[in-house]
Amino acid sequence: VQLVESGGGLVQPGGSLRLSCATSGFTFSSYIMSWYRQAPGKERELVARIGSVGGSTNYIDSVKGRFTISRDNAKNTVYLQMNSLKPEDTAVYYCNAKHSLFAYNYWGQGTQVTVSS
């Protein structure tokens, strides 16, 4: 099983980034996909989640209207489009896959997002 995040980097406040999480080794379409983030000294928090068939999405209040999660089941990839970035969005962003029925749960290695002028 592999989850490989990419797309992180340094961006100015108000800028945009698109994170990607390419997966392999499991039946992607059977998994709920999520993005979490962890800032220094803080606990890991759920940022956005998308259902296994892509119909339902959830976001934490602080990113609503700015971030969009999406998935491409043909490419086994989940995305996080992040717009209007703020310094408080600075964190390591992790991709997570959780089976919709069983207790299978996988994590990526994380990608750093830094929002700073």
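Data block above holds the structure.
As a convention, each chain's residues are numbered from 1 in the sequence order in which they are written. Note on the predicted model: pLDDT of at least 70 is required for a residue's local features to be given, and 80 or more for side-chain atom pairs to be given and counted; whole-chain, interface and lining totals, by contrast, use all residues. For the side-chain quantities, the full set of heavy atoms in the structure was used; hydrogens and water were omitted.

**Structural notes on the overall build of the protein**
- Going along the chain from the N terminus, every DSSP run of H or I of four or more residues is numbered as a helix, and every run of E of two or more is numbered as a strand. Helix and strand content of the protein: 0 helices and 11 strands.
- Along the protein, helices and strands appear, N-terminal first, in the series β-β-β-β-β-β-β-β-β-β-β.
- Throughout, the radius of gyration refers to the C-alpha atoms, and the reference size of a globule is 2.2 Å times the residue count to the power 0.38. Scaling as 2.2 N^0.38, a compact globule of 117 residues should have a C-alpha radius of gyration of about 13 Å, and the protein matches this with 13 Å.
- Overall, the C-alpha framework of the protein stretches about 40 × 25 × 25 Å when taken along its three principal axes.
- Whether two residues are in contact is decided by their heavy atoms, any of which lying within 4.5 Å being enough. Here the contacts in the protein between residues at least 6 apart in sequence split such that 53% fall between residues at least 24 apart.
- Here the open area of atoms and residues is found with the Shrake-Rupley method and a 1.4 Å probe, where only the protein chains shown may cover a residue. Approximately 6,100 Å² of the protein is accessible, and the part contributed by carbon and sulfur atoms is 48%.
- Think of it this way: Lys and Arg go in the positive column, Asp and Glu in the negative one, and His and the chain ends go nowhere. Here the site of a charge means atom NZ of a Lys, CZ of an Arg, CG of an Asp or CD of a Glu. Between the mean site of the 11 positive side-chain charges and the mean site of the 7 negative ones, the protein shows a separation of 4 Å.

**Comments concerning the sheet that holds strand S8 (residues 77-82)**
- Between any two strands, at least two bridges found by DSSP are needed for them to pair. An order of S1-S3-S8-S7 is seen for the 4 strands of this open sheet, with the pairing classed as antiparallel. Strand pairing shows two members of the sheet lacking a second neighbour, strand S1 (2-6) and strand S7 (67-72), which therefore form its edges. Sheet twist, expressed as the mean angle between neighbouring strand axes with direction ignored, is 15°.
- With 5 bridges connecting them, S1 and strand S3 (residues 17-24) associate as antiparallel partners. Within S3, the residue paired with Ser6 across the bridge is Ser20. The angle between two axes is taken between their N-to-C directions and runs from 0 to 180 degrees, where each axis is a line fitted to C-alpha atoms and a helix contributes only its stretch in contact.

**Things to note about the pattern of salt bridges**
- Think of a salt bridge as a Lys or Arg side-chain nitrogen and an Asp or Glu carboxyl oxygen that are within 4 Å of each other. Overall, the coordinates contain 4 salt bridges when judged by the stated rule.
- Here Lys64 ties to Asp61 by a salt bridge, and the two come within 3.0 Å at their closest N and O atoms.
- Here the salt bridges share partners, and the residues they tie into one network are Arg37, Glu45, Arg66 and Asp89.

**A look at the environment of Ser24**
- Turning to its location among the elements, Ser24 is positioned in strand S3.
- Along the chain, Ser24 and Ala48 lie 24 residues apart, while their C-alpha atoms are 21 Å from each other.
- Those residues within four positions of Ser24 in sequence are excluded, and the remaining contacts are Val1 and Gln2.

**Section: the packing of aromatic side chains**
- Stacked, tilted and edge-to-face are the three classes applied to pairs of Phe, Tyr and Trp rings, where Trp contributes its six-membered ring and a pair requires centres within 6.5 Å; stacked means planes under 30 degrees apart, edge-to-face means over 60, and tilted covers the rest. Here the structure, examined in full by the defined rule, presents 5 aromatic pairs.
- Judged by centre distance (5.4 Å) and plane angle (40°), the rings of Phe26 and Tyr106 are tilted. Residue Phe26 is located in the loop between S3 and strand S4 (31-38), and its partner Tyr106 is located in strand S10 (residues 105-107); the two are separated by 80 residues in the primary sequence.
- Only protein chains enter the area calculation, which uses a 1.4 Å probe; residues under 20% of their type maximum are buried, those over 50% are exposed, and those in between are partly exposed. With a relative accessible area of 13%, Phe26 lands in the buried category.
- A network of ring pairs unites the aromatic residues Phe26, Tyr31 and Tyr106 as a single cluster.
- Working rule: Lys NZ or Arg CZ, within 6 Å of ring centre, within 35 degrees of ring normal, means a charge sits over the ring. Between the NZ or CZ atom of Arg18 and the centre of the ring of Tyr79, over which it lies, the distance is 4.0 Å.

**Observations regarding the side chain of Arg66**
- Within the element layout of this structure, Arg66 appears in the loop between strand S6 (57-59) and S7.
- In protein, a polar contact means a hydrogen-donor-capable atom and an acceptor-capable atom, both N or O and within 3.5 Å, with residues adjacent in sequence counting only if both atoms are side-chain atoms; elsewhere, any N or O pair within 3.5 Å suffices. A distance of 2.8 Å separates a polar atom in the side chain of Arg66 from a polar atom in the side chain of Asp89.
- Sequence-distant contacts of Arg66, that is, excluding residues within four places in its chain, are made with Gln81, Met82, Asn83, Ser84, Leu85, Lys86 and Asp89.

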